Amino acid sequence: DPPTVCLTPSVEAERIAARHLSQVHGACIYMPATHLEPGSVQAWSWPLAGAIDVGRYPHGDSELVLACEGLASVSQPDIMRYKRGKLLTNLANAAEALAGPAARQSTIADAARAEAIACFEAAGLARTTEAEDAARRTGIQSRPIAGARRSGGSTWQSLARGHALEVDYLNGEIVLLGRQHGIATPINRKLQLLANAAARAGARPGSMSLAELEAALRS
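Residues numbered from 1 in each chain as written. Predicted model: local features only at pLDDT ≥ 70, side-chain atom pairs only at ≥ 80, totals over all residues. Heavy atoms only, no water.

Enquirer: What is the right way to read the side chain of Asn 171 from this model?
Expert: With respect to the helices and strands, the residue Asn 171 is situated in helix H7 (residues 171–181). Separated by 3.2 Å, the side chain of Asn 171 and the backbone oxygen of Leu 91 make a polar contact. In this structure, Asn 171 is in contact with Leu 91, Ala 94, Asn 188, Leu 191 and Gln 192, ignoring residues within four places of it in sequence. (Helix = DSSP H or I, 4+ residues; strand = E, 2+ residues; numbered from the N terminus. Polar contact = N/O pair within 3.5 Å; in protein donor to acceptor, adjacent residues only side chain to side chain. Contact = heavy atoms within 4.5 Å.)

The structure is reproduced here in structure tokens:
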């Protein structure tokens, strides 16, 4: 029963691991990076490549602080609160994968986050604030890479590689909470369905316009 760290987004992996293991740790990752081809990872941050904070699940400090050059890591006794705060940011991943980077700052992304906040409040689940999230990213500063153009986030990259998407554990997590607590989550549900359909069809990321995505969400 060794210590096990869940390095996945959302909050489901810890629940699964805790069914089988007693020393489960959650990790909250802040790392602007691109991985589209085997053997090639582009880190878009300087002086730190990113941060991976670790804490015991469901709560408690962790002795498993990841000490790597160029990587910040601290123990967070309330790691799931940080992971729920990161989940709010990741709810825009599906919209970005479908309609490009502009969708991250769209009213669609705002609506998906509003549904999630309502679900968290109904469930009594704490989350980090935008200010806390911004403070944790101190030192993780965007920088260009010569001859390269930065692509989208993790869901965008999975769609580009032709892989299955993580949306069932991002937007789908909010859909689940909504069903459990009587909160309507139509935007997150539609984003989940549309993104999975795009992956099954082998669509390229950004193949819809923002207007087309808005129309699809209204239909």
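That covers the picture; the talk isn't over yet.
Enquirer: I would appreciate a short explanation of the nonpolar core in the present structure.
Expert: The tendency in soluble globular proteins is for nonpolar side chains to be buried side by side. Counting 28 residues, the largest nonpolar core has Leu 91, Ile 108, Ile 174, Leu 191 and Leu 213 as its most contacted members. Residue assignment for this core shows that the elements contributing at least two residues are helix H2 (79–90), helix H3 (93–99), helix H4 (107–123), helix H6 (154–161), H7, helix H8 (186–201) and helix H9 (210–218). Excluding residues within four positions of it along the chain, Leu 91 makes contact with Ala 112, Arg 113, Ala 116, Leu 170, Asn 171, Ile 174, Asn 188 and Leu 191. In this structure, Val 11, Cys 28, Ala 72 and Met 80 belong to the second largest nonpolar core, which totals nine residues. (Core = buried A, V, L, I, M, F, W, Y, C linked by side-chain atoms within 4.5 Å. Buried < 20%, exposed > 50% of the residue type's maximum accessible area, 1.4 Å probe, protein only.)

Enquirer: Please explain the packing of H4 against H7 as it appears in this structure.
Expert: Geometry of a packed helix pair, given as the angle between the helix axes and the separation of the axes. Following both chains from N to C, one finds H4 and H7 inclined at 45°, their axes separated by 9 Å at the closest point. The orientation of H4 with respect to H7, classified from their angle, is oblique. The element H4 and its partner H7 pack so that their crossing is left-handed. Across the interface between the two elements, Glu 115, Ala 116, Cys 119, Phe 120, Ala 122 and Ala 123 of H4 pack against Ile 174, Leu 177, Gly 178 and His 181 of H7. (Axes fitted to C-alpha atoms, helices over the stretch in contact; angles between N-to-C directions. Parallel < 35°, antiparallel > 145°, perpendicular 65-115°, else oblique. Left-handed = near helix turned anticlockwise from the far one by under 90°.)

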